[in-house]
Amino acid sequence: DMKVTQMPRYLIKRMGENVLLECGQDMSHETMYWYRQDPGLGLQLIYISYDVDSNSEGDIPKGYRVSRKKREHFSLILDSAKTNQTSVYFCASSLTGDYAEQFFGPGTRLTVL
Amino acid sequence: GDQVEQSPSALSLHEGTGSALRCNFTTTMRAVQWFQQNSRGSLINLFYLASGTKENGRLKSTFNSKESYSTLHIRDAQLEDSGTYFCAADSNYQLIWGSGTKLIIKP
C-alpha cells in the first residue's frame, strides 16, 4: 500500500524547545516536501528536497531546517520553537520535482506553548 | 506572483444535487491537482490533470491550460462529500494553492 507517513501525529512543546517531525514514504519518490497549514488557509511550502542531501527553501523557510539522509525519509527540525510555529504540518512526496502529482501524509498537529 | 483564484469560498448543497467549483490562474500552469480535506484534516487526492477531463464516480474535473482555469463538478452529492476542496496548480516545480471551497452537504 503506497503511502506517506508522519510521526508524531500530535505534539505539544514549550517555547524554546527543539522539535523533530518525521516523514516517510514507500514509493521511492525522489522529491519530498514540507508544508504548514494554518486555520482557514491553504498550504504554505517550507522546504523541498529533490533527493538525498539536495534541499531547497520554499516560501517560508525561516525558523526551520530539514534533513534528508535517505530517500524514503525527510525530517523537519524546529530549533527553539516559537508560539507562531503552532500549526498543522504536512509532508508530501512526488515521483520527481518536475510536473508530478504530490501525495500527502496525514499531517502533524504541533502546538507550541 | 503566480496566483490561483478559487470560487466559491463556501457552498451549501442538498443531498442528491450538484454544483461546480472553479479555479482561475493568473498565468499558464502545467498541471492542476484537486484535493478534498476531510473533517479529520487529511488531504485526499481527487485528480491530477495536465490537460483535458477526468472523471471518477460522481466527480469530474477539467483543466484548460490555454484559458487558464480548472473546474471540479460534483453530482449527486452525498454527506461524505462535505469538507474543504482545494485546487493547486503546478507552476515552476511548486504547487500554488487556491484558498479552498468549504462544502457543506445538507440532508
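Predicted, not measured: the structure shown is a model, and the values here were computed from it.

So, the packing of aromatic side chains
A full pass over the atoms with the stated rule returns 11 aromatic pairs over all chains. With 6.5 Å between their ring centres and 75 degrees between their planes, phenylalanine 90 of chain A and phenylalanine 104 of chain A make a pair best called edge-to-face. Residue phenylalanine 90 of chain A is located in strand S9 (residues 87–94), and its partner phenylalanine 104 of chain A is located in strand S10 (residues 103–104); the two are separated by 14 residues in the primary sequence. Each member of the pair, phenylalanine 90 of chain A together with phenylalanine 104 of chain A, is buried. Here phenylalanine 104 of chain A and tryptophan 97 of chain B contribute two aromatic rings whose centre-to-centre distance is 5.8 Å and whose plane-to-plane angle is 80 degrees, an arrangement assigned as edge-to-face. Residue phenylalanine 104 of chain A is located in strand S10, and its partner tryptophan 97 of chain B is located in strand S10 (residues 94–97); the two belong to separate chains.

Some remarks on the state of the cysteines
Summed over the entire model, instances satisfying the criterion amount to two disulfides over all chains. Two residues share a disulfide in this structure: cysteine 23 of chain A and cysteine 91 of chain A, whose sulfurs sit 1.9 Å from each other. Around the S-S axis, the bridge from cysteine 23 of chain A to cysteine 91 of chain A shows a dihedral of about -75 degrees and counts as left-handed. Linking cysteine 23 of chain A in strand S3 (residues 19–25) with cysteine 91 of chain A in strand S9, this pair joins segments that are 68 residues apart in sequence. Here cysteine 23 of chain A and cysteine 91 of chain A have matching classes, each one buried. Note on cysteine connectivity: cysteine 23 of chain B is disulfide-linked to cysteine 87 of chain B, with sulfurs 1.8 Å apart. Measuring the twist about the S-S bond at about -100 degrees, one finds the cysteine 23 of chain B-cysteine 87 of chain B disulfide to be left-handed. Here cysteine 87 of chain B lies in strand S9 (residues 83–91) and cysteine 23 of chain B lies in strand S3 (residues 19–25), a separation of 64 residues in the sequence. Given a relative accessible area of 0%, cysteine 23 of chain B falls into the buried group. Classification of cysteine 87 of chain B by relative accessible area gives buried; the value is 0%.

Some details on the confidence of the model for chain B
On average, residues of chain B score 94 in pLDDT, and 98% of them reach the 70 mark or higher. Within chain B, strand S8 (residues 69–74) of chain B carries the highest mean pLDDT (98), whereas S10 of chain B carries the lowest (87).

Some words on the sheet that holds strand S7 (residues 59–64) of chain B
Residues and elements named next belong to chain B. Read from one edge to the other, the open sheet built from five strands follows the order S1-S3-S8-S7-S6, with strand pairing classed as antiparallel. Looking at which strands have only one partner, the edges of the open sheet turn out to be strand S1 (4–7) and strand S6 (52–56). Averaged over all pairs of adjacent strands, the angle between strand axes in this sheet comes to 15 degrees, irrespective of strand direction. With six bridges joining them, S3 and S8 adopt antiparallel strand pairing. Across the sheet, residue alanine 20 finds its bridge partner in S8, namely histidine 73.

Looking at the nonpolar core
Counting 23 residues, the largest nonpolar core has Val4, Phe25, Trp34 and Leu72 of chain B as its most contacted members. Mapped by element, the contributors of at least two residues to this core are strand S2 (10–14), S3, strand S4 (31–37), strand S5 (43–49), S7, S8, S9 and strand S11 (101–106) of chain B. Of all hydrophobic cores here, the second largest spans 20 residues; its members include Met27, Met32, Cys91 and Leu110 of chain A.

Brief notes about the interface of chain B and chain A
Between chain B and chain A, the contact holds 18 residues from the first and 18 residues from the second. Carbon and sulfur atoms make up 50% of the area that chain B and chain A hide from each other, which totals about 1600 Å². Applying the counting criterion to the chain B and chain A interface returns four residue pairs in polar contact (both at pLDDT 80 or more). For the side of chain B that touches chain A, the secondary structure elements donating two or more residues are S4, S5, S9 and S10 of chain B. When residues in the side of chain B that touches chain A are grouped by element, the largest group, four residues, is from S4 of chain B.

So, the environment of threonine 84 of chain B
Residues and elements named next belong to chain B. Mapped onto the fold, threonine 84 is located in strand S9. Taking the C-alpha atoms as reference, threonine 84 lies 8.7 Å from isoleucine 104; in sequence the two are 20 residues apart. Filtering out sequence-adjacent residues up to four positions away, threonine 84 remains in contact with Phe35, Gln36, Gln37, Gly100, Thr101 and Lys102.

Cut-off values and rules
Residues numbered from 1 in each chain as written. Chains lettered and ligands numbered in written order. Predicted model: local features only at pLDDT ≥ 70, side-chain atom pairs only at ≥ 80, totals over all residues. Heavy atoms only, no water. Phe/Tyr/Trp six-rings, centres within 6.5 Å; stacked < 30°, edge-to-face > 60°. Helix = DSSP H or I, 4+ residues; strand = E, 2+ residues; numbered from the N terminus. Buried < 20%, exposed > 50% of the residue type's maximum accessible area, 1.4 Å probe, protein only. Disulfide = S-S within 2.5 Å. pLDDT = per-residue confidence, 0-100. Pairing = 2+ DSSP bridges. Axes fitted to C-alpha atoms, helices over the stretch in contact; angles between N-to-C directions. Core = buried A, V, L, I, M, F, W, Y, C linked by side-chain atoms within 4.5 Å. Contact = heavy atoms within 4.5 Å. Buried area = accessible area lost by both parts, 1.4 Å probe. Polar contact = N/O pair within 3.5 Å; in protein donor to acceptor, adjacent residues only side chain to side chain.

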